[in-house]
Amino acid sequence: MSKFIEISPQELEGNVFQRIGRQWMLVTAGTREKFNTMTASWGGLGVLWNAEVSMIFVRPERYTYEFLERETDYSLSFLAEGHRQALQFCGSRSGRDVDKVKETGLTPAFDAAVPYFAEAEISLICRKLYYQDLDPSHFLDPAIAGNYRNAGLHRMYVGEIQKVLKRMER
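These numbers come from a predicted model, not from an experiment.

Student: I tried to follow the pairing of strand β4 (residues 43–48) on my own but got confused; where do I start?
Tutor: Every other side chain in a regular strand lies on the same face of the sheet, so the side chains alternate between the two faces. Alignment of β4 against strand β5 (residues 51–58), held across six bridges, turns out to be antiparallel. Note on β5: the bridge partner recorded for Gly-44 is Met-55. Adjacent in sequence and paired antiparallel, β4 and β5 are bridged by two residues, among which Trp-49 carries a positive phi angle near 55°.

Student: Help me out: how do you make sense of helix α3 (residues 84–92) in this one?
Tutor: Along an α-helix, a turn takes 3.6 residues, which lines up residues three or four apart on a common side. The complete set of buried residues in α3 reads Ala-86, Leu-87, Phe-89 and Cys-90. Mapping the buried residues of α3 onto a view down its axis gives an arc of 160°, with all of them on the same face. Of the exposed residues in α3, those oriented more than 90 degrees away from the buried face are Gln-85 and Ser-92. The inward-facing, buried residues of α3 contact α1 (16–23), β2 (25–30), β3 (35–40), β6 (73–79) and α4 (100–104).

Student: Quick question: what am I supposed to make of the environment of Glu-66 here?
Tutor: By the element assignment, Glu-66 lies in helix α2 (residues 63–70). Overall, the relative accessible area of 33% leaves Glu-66 in the partly exposed class.

Student: Just checking my understanding: could you explain the nonpolar core for this structure?
Tutor: Nonpolar side chains in soluble globular proteins tend to end up buried together. The biggest cluster of nonpolar side chains holds 22 residues, and the ones touching the most others in it are Ile-56, Leu-68, Leu-76 and Leu-124. Breaking this core down by element, the ones donating at least two residues are β2, β3, β5, α2, β6, β9 (120–133) and β10 (155–167). Looking at this core, the element that brings in the most residues is α2, giving four residues. Each residue touching Leu-68, except ones within four places of it in the same chain, is listed here: Val-27, Ala-29, Ile-56, Val-58, Tyr-74, Lys-128 and Tyr-157.

Student: Could you clarify how one ought to interpret α2 in this entry?
Tutor: By the burial criterion, the buried members of α2 are Tyr-63, Thr-64, Tyr-65, Phe-67 and Leu-68. Looking at the buried positions of α2, the neighbouring elements they touch are β2, β3, β5, β6, β9 and β10.

Student: Please clarify how unusual backbone geometry should be interpreted in this entry.
Tutor: Leaving glycine aside, a negative phi is the common case for residues, and trans is the common case for peptide bonds. Even without being a glycine, Trp-49 presents a positive backbone phi close to 55°. Its place among the elements puts Trp-49 in the loop between β4 and β5. The phi angle at Asn-50 is positive, at roughly 60°, despite the residue not being glycine. Residue position: Asn-50 is located in the loop between β4 and β5.

Student: Explanation requested: the side chain of Asp-111 in the structure shown.
Tutor: Counting through the fold element by element, Asp-111 comes out in strand β7 (residues 108–111). Among the polar contacts made by the side chain of Asp-111, one reaches the side chain of Lys-163 at a distance of 2.9 Å. The residues touching Asp-111, leaving out its near neighbours within four places in the chain, are Tyr-116, Ile-125, Lys-163 and Leu-165.

Student: Looking at this structure, how should I read a nonpolar patch on the surface?
Tutor: The grouping of Leu-48, Trp-49, Leu-129 and Tyr-130 at the surface amounts to a nonpolar patch, some 360 Å² of accessible area in total. Relative to the helices and strands, Tyr-130 is located in strand β9.

Student: Mind showing me how you'd approach the pairing of β6 here?
Tutor: Burial analysis of β6 places six of its seven residues in the buried class, which makes it a mostly covered element. Here three bridges tie β2 to β6, and the two strands are oriented antiparallel to one another. The residue bridging Thr-28 from the neighbouring strand is Ser-75, located in β6. Inspection of the sheet shows β6 paired to β9 by seven bridges, in the antiparallel sense. Residue pairing for β9: Asp-73 is matched across the bridge by Arg-127.

Student: Looking at this structure, how should I read the pattern of salt bridges?
Tutor: Oppositely charged side chains can pair when the atoms bearing their charge come close. As enumerated under the stated definition, the model contains six salt bridges in all. Measuring nitrogen to oxygen at the nearest pair gives 2.8 Å for the salt bridge that ties Glu-160 to Arg-127. One end of the pair, Glu-160, is in strand β10; the other, Arg-127, is in strand β9, and 33 residues separate them in sequence. Look at Glu-160 and you get partly exposed, because its relative accessible area is 23%. Relative accessible area serves as the criterion here: at 31%, Arg-127 is assigned to the partly exposed category. A salt bridge links Arg-155 to Asp-133; the shortest N-O distance between them is 2.6 Å. In this pair, Arg-155 sits in strand β10 while Asp-133 sits in strand β9, placing the two residues 22 residues apart along the sequence.

The rules we used
Residues numbered from 1 in each chain as written. Predicted model: local features only at pLDDT ≥ 70, side-chain atom pairs only at ≥ 80, totals over all residues. Heavy atoms only, no water. Pairing = 2+ DSSP bridges. Helix = DSSP H or I, 4+ residues; strand = E, 2+ residues; numbered from the N terminus. Buried < 20%, exposed > 50% of the residue type's maximum accessible area, 1.4 Å probe, protein only. Arc of directions from axis to C-beta. Contact = heavy atoms within 4.5 Å. Core = buried A, V, L, I, M, F, W, Y, C linked by side-chain atoms within 4.5 Å. Polar contact = N/O pair within 3.5 Å; in protein donor to acceptor, adjacent residues only side chain to side chain. Patch = residues over 30% accessible without salt bridge, like charges linked within 9 Å, V, L, I, M, F, W, Y side chains within 5 Å. Areas by Shrake-Rupley, 256 points an atom, 1.4 Å probe, with all protein chains shown as cover. Salt bridge = Lys/Arg side-chain N within 4 Å of Asp/Glu carboxyl O.

Spelled out as structure tokens, the structure:
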């Protein structure tokens with residue numbers, strides 16, 4: 001099992017646009033007994049309400065949505081290189097239908113009860129502070145609506161980053 005050290009959010013290295021938009025992340029919520037994960041390429045990190053936060057966007061039809069609604073905490077795992085197939089699988093299959101951990105070979109790890117993955121280079125453990133459903137009447141650019149032709153509007157979650165876990169070099 002990989003070992004992790006805790007660092008502060010200010011010590012995060014790398015380009016957040018590259019990490020989220022190109023490398024992707026796993027959004028995971030649930031308990032030790034039952035959790036789900038999904039791949040996301042939309043989101044952000046920043047400062048809000050005097051706290052370091054993550055912002056994630058999840059459609060209500062996603063299975064992970066149910067876990068995010070039920071739980072107080074969630075994790076964002078940024079996997080090490082070589083896990084693109086696992087990310088693609090977790091983004092295209094529902095945990096309602098398949099066991100994503102079994103199918104991808106990913107290794108669950110837990111910070112208290114919050115699930116994340118041992119294959120991650122970085123995992124953020126976040127506590128939900130706020131949510132809001134996107135409202136199409138607030139889209140200032142009409143082209144944005146094109147993202148919602150076949151699915152529901154995202155719910156935005158803002159979570160305070162409680163911990164940043166960085167995998168120790170091997």
